[in-house]
Amino acid sequence: MFAALLVLMLAFSTAQISDTRHRLDNAADAAAWSAGLWQARVLNYQALANRAIVAEEVAIAQAVTMASWATYFDHVTESSAALAAVWPPATALLGVAASLVQGNALMAQSAAALEVPARSVYKELLSASQEILQFTVGTFALGAVANEVARASDPRFFAFALPPSPDSMIHTRVWSGEDRSRLNAV
């Protein structure tokens, strides 16, 4: 009877330990998955924000180009007085074209003057949001995510994130100095 009771107690203890081990494994997996998922979502946001920043740069370039071309056409029509001197019937037509082109140039320059600062502010906001989110994938923040998930599984569990290796952070670092000198010239 004593031996049967001892075997039963051993089986119960083994089952308890096995169950705790199983729950601990599940909590660790869930914590790692959650931290990795958060990091992946932040990287996805970084990629989408980079696309939006490039789109803003292209829109700024387009606005500046349109204003430049409108100014160019304005100068061409202003210099058409020399052509009108050679062929007088074209004077009226060139005068109308010059006034239309001058109005177009003023509108293009005004639009670019409004659009470029607005888009620049939007780019700065996107860049700032990227930097803020980048802080959330640091060791402390990912550890907080992992710990919250582990504690939700069992209040006795605790989880933390290991610091990333320097090689893994190459995708998310801020490029500056000589890396950006080529782009600054553009």
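Let's shift gears to the overall build of the protein. In terms of regular secondary structure, the protein is built from five helices and zero strands. Starting at the N terminus, the α and β elements of the protein follow one another as α-α-α-α-α. Per-residue burial over the protein gives 22% buried out of 186 residues. Summed over all atoms, the accessible surface of the protein reaches about 13,600 Å², with 69% contributed by carbon and sulfur.

We now examine helix α3 (residues 90–135). Between its terminal C-alpha atoms α3 stretches 66 Å, which fits the 68 Å expected from 46 residues at 1.5 Å a residue. Those residues of α3 that fall on the buried side of the exposure criterion are A90, L94, A98, V101, A105, A108, A112, K123, L126, Q130 and Q134.

Another point: the pattern of salt bridges. If you walk through the whole model with that rule in mind, you get seven salt bridges. For D19, the salt bridge identified is with R23, shortest N-O distance 3.5 Å. Pair noted here: D19 and R23 are both in helix α1 (residues 2–78), with a separation of four residues, about one helical turn. Looking at D19, the relative accessible area reads 36%, which means it is partly exposed.

Taken as a whole and assessed by the stated rule, the structure comprises three aromatic pairs. The interplanar angle of 55° and the centroid separation of 5.6 Å between the aromatic rings of Y72 and F73 together place this pair among those described as tilted. By the ring-pair criterion, three or more aromatic residues cluster together here, those being W69, Y72 and F73.

This next bit is on the nonpolar core. Ranked by size, the top nonpolar core spans six residues in total: A27, A31, A146, A150, F157 and A159. Going through the elements one at a time, α1 and α4 (139–153) are the ones with two or more residues in this core. Apart from residues no more than four positions distant in its own chain, A159 is found in contact with A31, G143, A146, N147 and A150.

Glancing now at the packing of α1 against α3. Contact geometry for α1 and α3: axes closest at 8 Å, N-to-C directions at 165°. Accordingly, the angle class assigned to the pair α1 and α3 is roughly antiparallel. For the pair α1 and α3, the sense of crossing is left-handed. Of the residues in the contact of α1 with α3, the class split is 24 nonpolar, 12 polar and six charged.

Glancing now at a nonpolar patch on the surface. Together, W69, Y72, F73 and V76 give the surface a local cluster of nonpolar side chains, amounting to about 420 Å² of exposed area. If you trace the backbone, F73 turns up in helix α1.

So, on to the environment of G36. Topologically, G36 is positioned in helix α1. On the basis of relative accessibility, which here comes to 34%, the residue G36 falls in the partly exposed class. Distance from G36 to A146, taken between C-alpha atoms, is 9.2 Å for residues 110 residues apart in sequence.

This part is about the side chain of D74. In this structure, D74 sits in helix α1. Buried charge without a salt bridge: D74, with R119 as the nearest opposite-charge side chain at an N-O distance of 23 Å.

Bringing the confidence of the model for the protein into the picture now. For the protein, per-residue confidence averages 84 on the pLDDT scale, and 89% of positions sit at 70 or higher. Looking over the protein, one finds the lowest element-wise mean pLDDT in helix α5 (residues 178–185), namely 67, and the highest in α1, namely 89.

The contact between α1 and α4 brings their axes to 8 Å, and the two run at 145°. Note on packing geometry: the crossing formed by α1 with α4 is right-handed. Contacts between α1 and α4 involve R23, A27, A30, A31, S34, A35, W38 and Q39 from the first element and L142, V145, A146, V149, A150 and S153 from the second. Tallied by class, the residues present in the contact of α1 with α4 amount to 10 nonpolar, three polar and one charged.

So, how was this worked out
- Residues numbered from 1 in each chain as written.
- Predicted model: local features only at pLDDT ≥ 70, side-chain atom pairs only at ≥ 80, totals over all residues.
- Heavy atoms only, no water.
- Helix = DSSP H or I, 4+ residues; strand = E, 2+ residues; numbered from the N terminus.
- Buried < 20%, exposed > 50% of the residue type's maximum accessible area, 1.4 Å probe, protein only.
- Areas by Shrake-Rupley, 256 points an atom, 1.4 Å probe, with all protein chains shown as cover.
- Expected span 1.5 Å × (residues − 1).
- Salt bridge = Lys/Arg side-chain N within 4 Å of Asp/Glu carboxyl O.
- Phe/Tyr/Trp six-rings, centres within 6.5 Å; stacked < 30°, edge-to-face > 60°.
- Core = buried A, V, L, I, M, F, W, Y, C linked by side-chain atoms within 4.5 Å.
- Contact = heavy atoms within 4.5 Å.
- Axes fitted to C-alpha atoms, helices over the stretch in contact; angles between N-to-C directions.
- Parallel < 35°, antiparallel > 145°, perpendicular 65-115°, else oblique.
- Left-handed = near helix turned anticlockwise from the far one by under 90°.
- Nonpolar A, V, L, I, M, F, W, Y, C, P; charged D, E, K, R; others polar.
- Patch = residues over 30% accessible without salt bridge, like charges linked within 9 Å, V, L, I, M, F, W, Y side chains within 5 Å.
- Lys, Arg positive; Asp, Glu negative; His and termini not counted.
- pLDDT = per-residue confidence, 0-100.

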